[in-house]
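Here is how the chains run, residue by residue.
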Amino acid sequence: MAVGEPSITRNSTWTVETVQVCGRDISFQKGGSGPPLLLLPRDNGHPPRHEFLDLLAADFTVCYPWLPGFHSGHPDGWQWLANVRDLAIVQRQLVESLHLGRLTVVGLGFGGWVAAEMATMAPGLLERLVLVAPMGVQPVNGYIYDQFIVGSETYARAGFADQAAFDAVYGAEPDFDQLESWETDREMTSRLAWKPYMYNPTLPGLLAGVAAPTLILWGDADQVVPAECGEAFRASMPNASLEVVAHAGHAVDVEQPRALAGRVAAFCKNAT
Amino acid sequence: MHLMYFTEQPLSSWDPETTELEEVAVGGGKTQRVTALLHSNKNFDPRDGSRLYNERLDEYQYVDELGFDGIMLNEHHTAPFCMSPRINLFATLLARLTKQVKIVLLGNPLPIWDNPVHLAEELAIVDMISNGRLVSGFVRGGGVENIQANVNPLFNRERFEEAHDLVIKAWTQPGPFRWEGKHYQFRVVNPWATPLQKPHPRIWVPGVASRETVVWAAQHRYPYIGLNTNFDVSQKIKDLYVEAARGVGYEPGPENFGQLLQCHVAETEEKAERNAREFMWMRGEFTGLAHPVWGSPTGYGSPSNRKSLIEIAAGRRPLNVPPPLNQRRLEHTFVWGTPDQVITQLKHVLDNNRVGILALWGNDGRINHEDSMNCIRLLGKEVLPALRDHAKKLGLKDPFEADAPVSLTQGPSEVLAPA
């Protein structure tokens, strides 16, 4: 998959757009129809095959950026960002520049941390918030998986409860382009989240100010972010609920796309 | 010619045959048993530590008594191959325990210091207590050094350069001054400890041919010391250094180049070879740091090596396997034997490399204290005099003999002669 190509889905109407934020380029996939939804990816990029995207696109107009500085996210233009809150500010500026209005924000893993930070700084932006196994809060009894001690493929595989599901998306031996894009992703992740590793000590306090209805989802076999972080997020937010998705690791969107999409759709119909 | 002695200070009580090693994933579905970083320190017994540290200090004092020009020190962390996790501690001990050797730090890993001002102070104190015998080398620190210090490898080079600049300023510019840099910020820099040597202690830069480091050293006019580099690599380093040096307006000579090599001497070749095998104790890769990710973590490596580093990290390409023992002897990165044999081999090294600085790495693995002292004795009494003669014939002067400038920006050195 070359730089900036949309993930392969059955829906052929995905486009790629590039706009300028802070005077620099940001690119995103766009597709579907319905109310606007911002989907923020995990720290190892857009999976090359992504059924979850199609499912979301049935109910929403999905904007799915490549995170600035990450692979396909114009890395040369964004190396001056220093932390995840900087990233969240840029995403917020993106949303405003697209005139999306109040929208649903869905964050996957690292993207969930970005989404949570966005919510704390712009509560009025949100119709509702969905956080899927987000980083961002420090676990008490365990640790968030340290990706920097292992190789990028090992980390990507750690996101899957079923290695066959990984192979189906990335191949049993991911090609050099995929390895190279993961390396770019790691460099930016390192820039933003080396230490404290994958959490913001002030985030729980700031989340108390996010009144938007929030659904937190966690795979029952997540080896990357401990399940206790789900409860920590829920307890920090005034209007949040927590649900578990069965037979899923950290990459819930790839392992259980239909179950996840179903929960998101149900939440969006019912939440006020 | 500057001839110095080196040891990694191995934890000689660590048994490669019986110690249980942790197994970690290294990509491509493979695993590797590791002897660093995640190898548990439950295998460290401070009773052995106590004995070994004191034996090392006896060895260093003997090196000094025998008239070597220097003792080379280094620093590594979280591994049994090196018992020196703080180079400045040993420098301070040697400042008082030795009388005449240069105390050559190769080197302080600058990026893992959060306070370069404190580093500048410590080094100044070593220089003062030793009566001006410090050579203050600096390094980037290996991947493992950065990981265990929790310093972001992505900023390793930037921190190296900024910390260096701050140390030089703390040494040479009267305080108080302020420093607001990208990685270091100090509202008051005013250390009441400055070096005896003026303009400041010499700085030598060791490495294994990272291009950027060679160029940086050349542009600062700091001698570069190749670590176990074979003739080809040594020549590449030299060519790169010379080009960079000419670019900033000077012609380097032997005083700009140095070489470390493994060197064990004994009365018989058989005994020397038996001990030489101990240098291969870390499963053949002497540091045990050969991990495809830890060796060069994300953001650490040269951009020019990106493709191969990605392949290595994913287990698609093997790490460069260090050559076996006999090949090292052929390549002259490891010389061993009787004094005569070692003299012949080292003369060949000097003939080829034309370096003004030579570091001889005399012990490793489980070589015992008696054999280490014996090696030092034979080096000091028999090998060094022969090498000095030979170096003189070749005109190989070290930076002190050549009175080389301390750096590009500092003119000829003025050394405050100790009383």
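The rules behind the values
Residues numbered from 1 in each chain as written. Chains lettered and ligands numbered in written order. Predicted model: local features only at pLDDT ≥ 70, side-chain atom pairs only at ≥ 80, totals over all residues. Heavy atoms only, no water. 1 Å grid on protein atoms, 1.4 Å probe; cavity = no way out; pocket = protein on both sides within 12 Å on 5 of 7 lines; lining within 4 Å. Points joined across faces, edges and corners; volume = space filled by probe spheres on them. Helix = DSSP H or I, 4+ residues; strand = E, 2+ residues; numbered from the N terminus. Nonpolar A, V, L, I, M, F, W, Y, C, P; charged D, E, K, R; others polar. Buried < 20%, exposed > 50% of the residue type's maximum accessible area, 1.4 Å probe, protein only. Contact = heavy atoms within 4.5 Å. Pairing = 2+ DSSP bridges. Axes fitted to C-alpha atoms, helices over the stretch in contact; angles between N-to-C directions. Core = buried A, V, L, I, M, F, W, Y, C linked by side-chain atoms within 4.5 Å. Buried area = accessible area lost by both parts, 1.4 Å probe. Salt bridge = Lys/Arg side-chain N within 4 Å of Asp/Glu carboxyl O. Polar contact = N/O pair within 3.5 Å; in protein donor to acceptor, adjacent residues only side chain to side chain. Patch = residues over 30% accessible without salt bridge, like charges linked within 9 Å, V, L, I, M, F, W, Y side chains within 5 Å. Areas by Shrake-Rupley, 256 points an atom, 1.4 Å probe, with all protein chains shown as cover. Phe/Tyr/Trp six-rings, centres within 6.5 Å; stacked < 30°, edge-to-face > 60°. Bend = angle between axes of the 7 residues up to and from the residue. Parallel < 35°, antiparallel > 145°, perpendicular 65-115°, else oblique. Left-handed = near helix turned anticlockwise from the far one by under 90°.

Asker: Can you tell me about empty space enclosed by the protein, naming the residues and giving the values?
Answerer: Residues and elements named next belong to chain B. Applying the stated criterion across every chain yields a total of 5 cavities of 30 Å³ or more. The space that makes up the largest cavity amounts to roughly 100 Å³. Every element with two or more residues in the lining of the largest cavity is listed here: strand E10 (224-227), helix H7 (231-247), strand E11 (257-265) and helix H11 (339-353). Here the lining of the largest cavity gets 5 residues from one element, more than from any other, and that element is H7. Residue composition of the lining of the largest cavity, by class: 5 nonpolar, 8 polar and 1 charged. Within this model, the second largest cavity holds a volume of roughly 80 Å³. Of the residues belonging to the lining of the second largest cavity, the class tally is 7 nonpolar, 1 polar and 3 charged.

Asker: I'd like to hear about the environment of Ser136 of chain B, residue by residue, with values.
Answerer: All names here are of chain B. Among the structural elements, Ser136 can be located in strand E6 (residues 134-139). Looking at Ser136, the relative accessible area reads 0%, which means it is buried. Once the C-alpha coordinates of Ser136 and Ala124 are considered, the two residues, 12 residues apart in sequence, prove to be 9.7 Å apart. Among all residues touching Ser136, those that are not within four sequence positions of it are Leu105, Leu123, Trp171, Pro201, Arg202, Ile203 and Trp204.

Asker: Kindly report on the layout of surface pockets, identifying the contributing residues and their values.
Answerer: Taken as a whole, the second largest pocket encloses approximately 730 Å³ of empty space. For the lining of the second largest pocket, the elements supplying multiple residues, two or more each, are helix H6 (176-193) of chain A together with helix H5 (156-172) and helix H9 (306-313) of chain B.

Asker: So what's going on with the environment of Ala314 of chain B? Which residues, and what values?
Answerer: Turning to its location among the elements, Ala314 of chain B is positioned in the loop between H9 and helix H10 (325-331). By relative accessible area, Ala314 of chain B is classed as buried at 5%. For the pair Ala314 of chain B and Gly27 of chain B, spaced 287 residues apart in sequence, the C-alpha to C-alpha distance is 4.8 Å. Leaving out residues up to four positions away in the same chain, Ala314 of chain B has contacts with Leu179 of chain A together with Val26, Gly27 and Gly28 of chain B.

Asker: Tell me about the pairing of strand E13 (residues 357-363) of chain B, residues and numbers included.
Answerer: The side chains of a regular strand alternate between both faces of the sheet. Residue and element names in this part refer to chain B. With 7 of its 7 residues buried, E13 lies for the most part within the structure. Where strand E1 (residues 2-7) meets E13, 6 bridges bridge the pair, whose relative direction is parallel. In the sheet register, Thr7 faces E13, and the bridge partner there is Asn363. Direction of pairing for E11 relative to E13: parallel, over a ladder of 5 bridges. By the bridge assignment, Leu260 is partnered in E13 with Ala359.

Asker: Any chance you could break down the sheet that holds strand E1 (residues 15-21) of chain A for me, citing the residues and the numbers?
Answerer: All names here are of chain A. Judged by pairing direction, the sheet is mixed, and its 8 strands sit side by side in the order E1-E2-E4-E3-E5-E6-E7-E8 without closing on themselves. Here the strands that pair on one side only, and so sit at the sheet edges, are E1 and strand E8 (240-245). When strand polarity is set aside, the average angle formed by the axes of neighbouring strands in this sheet is 25°. Where strand E3 (residues 36-40) and strand E5 (residues 103-108) come together, 4 bridges link them in parallel fashion. If you follow Leu38 over to E5, its bridge partner there is Val105.

Asker: An account of the nonpolar core is requested, with residue identities and associated values reported.
Answerer: Core analysis: the largest hydrophobic core is formed by 84 residues, its most contacted members being Leu73, Leu346 and Leu358 of chain B. Tallying contributions element by element places helix H12 (residues 369-394) of chain B first for this core, with 9 residues. For Leu358 of chain B, the residues in contact, after removing those within four places along its chain, are Met1, His2, Leu3, Met4, Gln259, Leu346, Val349, Leu350 and Leu387 of chain B. Residues Ala116, Met118, Met188 and Met198 of chain A belong to the second largest nonpolar core, which totals 59 residues.

Asker: Summarise the interface of chain A and chain B; cite the residues concerned and give the values.
Answerer: Contact residues are listed per partner, giving 19 residues for chain A and 24 residues for chain B. For the chain A face of the interface with chain B, the top three residues by lost area are Ile149, Phe176 and Trp194 of chain A, together amounting to 34%. At the surface where chain A touches chain B, the tally comes to 3 salt bridges. Where chain A touches chain B, the interface holds 11 residue pairs in polar contact (both at pLDDT 80 or more). For the side of chain A that touches chain B, the element with the highest residue contribution is H6 of chain A, accounting for 9 residues. Residues that form the side of chain A that touches chain B fall into these classes: 7 nonpolar, 4 polar and 8 charged.

Asker: Describe the side chain of Ser12 of chain B, and please don't skip the residues or the numbers.
Answerer: Residue and element names in this part refer to chain B. Mapped onto the elements, Ser12 comes out in the loop between E1 and strand E2 (22-25). At 2.8 Å, the side chain of Ser12 and the backbone oxygen of Gly365 are in polar contact. Those residues in contact with Ser12, other than ones at most four positions away along the chain, are Leu52, Arg56, Trp281, Gly365, Arg366 and Ile367.

Asker: Before we move on, can you summarise the pairing of strand E3 (residues 31-34) of chain B with the specific residues and values?
Answerer: Residues and elements named next belong to chain B. By the bridge criterion, 4 bridges tie E2 to E3 in an arrangement that is antiparallel. Considered in E3, the bridge of Val24 is made with Gln32. What sits between the antiparallel neighbours E2 and E3 is a turn of 5 residues, in which Gly27 has the positive phi angle 85°.

Asker: So what's going on with a nonpolar patch on the surface? Residues and values would help.
Answerer: All names here are of chain B. The grouping of Ile125, Met128 and Ile129 at the surface amounts to a nonpolar patch, some 230 Å² of accessible area in total. The residue Ile129 is located in helix H3 (residues 116-129) in this model. Residue Ile129 is classed as partly exposed on the basis of its relative accessible area, which comes to 41%.

Asker: Give a detailed account of the packing of aromatic side chains, specifying residues and quantitative values.
Answerer: Residues and elements named next belong to chain A. Here the structure, examined in full by the defined rule, presents 23 aromatic pairs over all chains. Arranged with centres 5.2 Å apart and planes meeting at 50°, the rings of Tyr170 and Trp182 form a pair that is tilted. In this pair, Tyr170 sits in helix H5 (residues 163-170) while Trp182 sits in helix H6, placing the two residues 12 residues apart along the sequence. Its relative accessible area of 1% is what places Trp182 among the buried residues.

Asker: Go over the pattern of salt bridges, please, and point to the residues and values.
Answerer: Residues and elements named next belong to chain B. As enumerated under the stated definition, the model contains 35 salt bridges over all chains in all. Notably, a salt bridge pairs Glu75 with Arg86, separated by 3.2 Å at the nearest N-O pair. Here the residue Glu75 occupies a position in the loop between strand E4 (70-73) and helix H2 (87-97), and Arg86 occupies one in the loop between E4 and H2, the gap between them amounting to 11 residues. Among the ionic pairs, Glu311 bridges to Lys307, the shortest N-O distance being 3.1 Å. Taken together, the residues Glu311 and Lys307, both in helix H9 and 4 residues apart, mark about one turn of the helix.

Asker: Describe H12 of chain B, with residues and values.
Answerer: Residues and elements named next belong to chain B. When the local axis directions of H12 are compared, the greatest deviation, roughly 40°, occurs at Val383, which is followed within four positions by the proline Pro385. Capping of H12 at its N-terminal end is provided by Asn368; its side-chain oxygen lies 3.2 Å from the backbone amide nitrogen of Glu370. Count one or two residues on from H12 and you reach Gly395, which has phi positive near 70°.

Asker: I'd like a rundown of the packing of helix H1 (residues 46-66) of chain B against H2 of chain B, residues and numbers included.
Answerer: All names here are of chain B. Between H1 and H2, the least distance of the axes is 11 Å, while the angle of their chain directions is 45°. Taken together, H1 and H2 sit at an angle that is classed as oblique. When you trace H1 past H2, the crossing you get is right-handed. On H2, the residues that touch Tyr53, Leu57, Tyr60 and Gln61 of H1 are Phe90, Leu93, Leu94 and Leu97. Residue composition of the contact of H1 with H2, grouped by class: 7 nonpolar, 1 polar and no charged.

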